[in-house]
Amino acid sequence: MTTAEFIDEIGVSFTGKILGEPINCGAGLSIENETDGGADDSYILISGDVTSKMYRDFIASLEATGRKKTFHREINGNIFVEFENGKNIIYTYYTAETQLARVIIDNASSPLSEMDDNADDVRGNTALMQFSLKYGKMLRYASCDCGMLYVLRLRDNSVIIIDGGEIEQSTEEACDEFMRRLEDLTQTQKGGKIRVSAYICTHNHDDHMDFFIKLLKREKDVLEVERVMFNFPSKTLIGYVQDADVSCTDLLRERIKKYAPNAKFLKLHTGQTVRFPDARLEVLTTHEDILPRSYRAADGQTYRSINETTTVFQIIFDDCSVMFLGDAEDANGEALLSLYGKNSMSCKYLQCAHHLINDDRNIYGNVKAEKLLVPQCRYIAMSTEKDNTRYLTSLFGAENMYFAGDCTYVFTVEDGKTSVDYFEPKGYLYDNSGY
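Counting of residues starts from 1 at the beginning of each chain's written sequence and follows it residue by residue. Where local features are concerned, this predicted model is filtered to residues with pLDDT of at least 70; where side-chain atom pairs are given and counted, the filter is 80 or more; whole-chain, interface and lining totals use all residues. To obtain the side-chain values, all non-hydrogen atoms of the structure were used and water was disregarded.

1. Comments concerning the pairing of strand S7 (residues 100–106)
Logical step 1: Across the 7 residues that make up S7, a large majority, 7, are buried.
Logical step 2: Any two strands are treated as partners once DSSP identifies two or more bridges connecting them. Helix numbers and strand numbers start at the N terminus; a helix is a DSSP run of H or I with at least 4 residues, a strand a run of E with at least 2. Alignment of strand S3 (residues 42–48) against S7, held across 5 bridges, turns out to be antiparallel. Bridge pairing links Ile44 to Ile104 in S7.
Logical step 3: Relative to S7, strand S6 (residues 89–95) runs antiparallel, the two sharing 7 bridges. Across the sheet, the residue bridging to Tyr91 is Ile104, located in S7.
Logical step 4: Between S6 and S7, which pair antiparallel one after the other, the connecting turn spans 4 residues, and Gln99 there sits at a positive phi close to 55°. Each residue is assigned to one of three classes by its accessible area relative to the maximum for its type, calculated with a 1.4 Å probe on protein chains only: buried under 20%, partly exposed between the two thresholds, exposed over 50%.

Next comes the structure, spelled out in structure tokens:
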């Protein structure tokens, strides 16, 4: 898509100094290739030297085209707006500190107003689970030192599932235990239907997808997936697929379309909010914030690694919140600082980025958190990642660091008060059970 075609599509002139041609920022549930992308690709155009007044005038001109404004939010001088016209979504936002404006033609998403669950809140408690995957040395088709899998059970007994472990961790025994934990969390009899209000994936590395990919098929008669949310960059971007095999992305998309055909899809963009009866999802930053290219990318590439394409978000529930960093790197931290400033973010639970491998001091030094959830085991924490462990222990205290390799933790929160339950890990060396 050229700039002229992009401007013609949105129907109004962009403002400021346009920085290059539109960039393909990824498909939704369509299968992509590295040359043509996918059938529901989205495109982003970025402009600099934009003042707040210039941006508000641009928003007014978009609204004057007859599009319906379906979302508007302002925070820290930043402005986030969504329009829809029955054909596609126009999502646009302004970052005050950098004076950058971004406009996205989103051809994959449902409007935010349709993603909200506006059912009445019900009294009760909310539970956050850090599921215990098996961690060890990286031995292909035996064990691995990564993976993360979280669940938030809402008061209405539906669940939000975040990410998933690598194939080596997705043994039959581990899947059985995960389903037992879901049944216990939701008070559902074995084989009974479990509502998955949303599946959210931080980025498309296989250690954050494989477990859920397997569950989609294995538990197709049990898991009722209502929403799917992620923002994966386009395979057409140079350097994106060179550092890892992302074929698992195709399998995830295929399984969603086959086993959750009625699920609504949302391509996550910075500044969005999605409401549930007793919780609210806030998208803090996506890979679109470091486009047109990461300052850490090698020559001719867009990102330093797939980890930089992580979507960072928080879920606020029952007078507290949990922030998911996925595998965020310092480029993601810089985006957070540009958007929200220093020492302005806080949460009760913070997921430790990249399995303790990154120190991400520009994040940890500016996010106030009480508890650190670590998708890693103590052996790796105390050996290969001992320096990062020492740093994080100095910030949080050993008593406030919860390692997924120890056990499955379930934090139950009611009226701001928390209780913790512990469950033994299940499943170790890979059992060759596949997807």
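2. With respect to the side chain of Thr249
Logical step 1: Mapping Thr249 onto the fold places it in helix H6 (residues 247–259).
Logical step 2: The buried category is assigned to Thr249, whose relative accessible area is 1%.
Logical step 3: The definition of a polar contact used here is a pair of N or O atoms within 3.5 Å, where within protein one atom must be able to donate a hydrogen and the other to accept one, and adjacent residues in sequence count solely through side-chain atom pairs. A distance of 2.8 Å separates polar atoms of two side chains, one belonging to Thr249 and the other to Asn204.
Logical step 4: Should any heavy atoms of two residues lie within 4.5 Å, those residues are counted as being in contact. If sequence neighbours within four positions are ignored, Thr249 has contacts with Asn204, Met209 and Phe232.

3. What to know about helix H1 (residues 3–10)
Logical step 1: Taken as a whole, H1 has its buried residues at Thr3, Phe6, Ile7 and Ile10. Looking down the long axis of H1, one finds its buried residues gathered within 95° of arc, a one-sided arrangement. Across H1 from its buried face, at more than 90 degrees, point the exposed residues Ala4 and Asp8.
Logical step 2: Those residues of H1 that are buried lie in contact with strand S1 (17–18), S3, helix H2 (52–64), S6 and S7. Each direction from the helix axis to a C-beta atom contributes to the arc, which is the arc of those directions.

4. Focus on the pattern of salt bridges
Logical step 1: In what follows, salt bridge is the name for a side-chain nitrogen of Lys or Arg lying within 4 Å of a carboxyl oxygen of Asp or Glu. Going through the model one piece at a time under the given rule, you end up with 30 salt bridges.
Logical step 2: In this structure, Asp117 engages Arg195 in a salt bridge whose closest nitrogen and oxygen atoms are separated by 3.7 Å. Placement of Asp117 in the loop between helix H3 (112–115) and strand S8 (126–130) and of Arg195 in strand S11 (residues 194–200) is noted, with a sequence separation of 78 residues between them.
Logical step 3: Given a relative accessible area of 27%, Arg195 falls into the partly exposed group.
Logical step 4: A salt bridge links Asp156 to Arg195; the shortest N-O distance between them is 3.3 Å. Here the residue Asp156 occupies a position in the loop between strand S9 (148–153) and strand S10 (159–164), and Arg195 occupies one in strand S11, the gap between them amounting to 39 residues.
Logical step 5: It is possible to trace a salt-bridge network through shared partners that takes in Asp117, Asp156, Arg195, Glu226 and Arg227.

5. So, the packing of aromatic side chains
Logical step 1: Stacked, edge-to-face and tilted are the three classes for Phe, Tyr and Trp ring pairs, Trp counted by its six-membered ring, which pair at centre distances within 6.5 Å; planes under 30 degrees apart are stacked, over 60 edge-to-face, the rest tilted. Overall, the coordinates contain 20 aromatic pairs when judged by the stated rule.
Logical step 2: Look at Phe14 and Phe58: their rings are 5.1 Å apart centre to centre, the planes differ by 50°, and that puts the pair in the tilted class. Remark: Phe58 occurs in helix H2 and Phe14 occurs in the loop between H1 and S1; sequence separation between them is 44 residues.
Logical step 3: Assessed through its relative accessible area of 3%, Phe58 is described here as buried.
Logical step 4: Plain terms: the ring middles of Phe313 and Phe324 are 5.2 Å apart, the flat faces sit at 35° to each other, and that makes the pair tilted. Of this pair, Phe313 sits in strand S17 (residues 312–317) while Phe324 sits in strand S18 (residues 320–324); the two residues are 11 residues apart in sequence, bridging distant segments of the chain. In this pair, the class of Phe313 matches that of Phe324, namely buried.
Logical step 5: In this structure an aromatic cluster arises from ring pairing among Tyr349, Tyr402, Tyr409, Phe411 and Tyr422.

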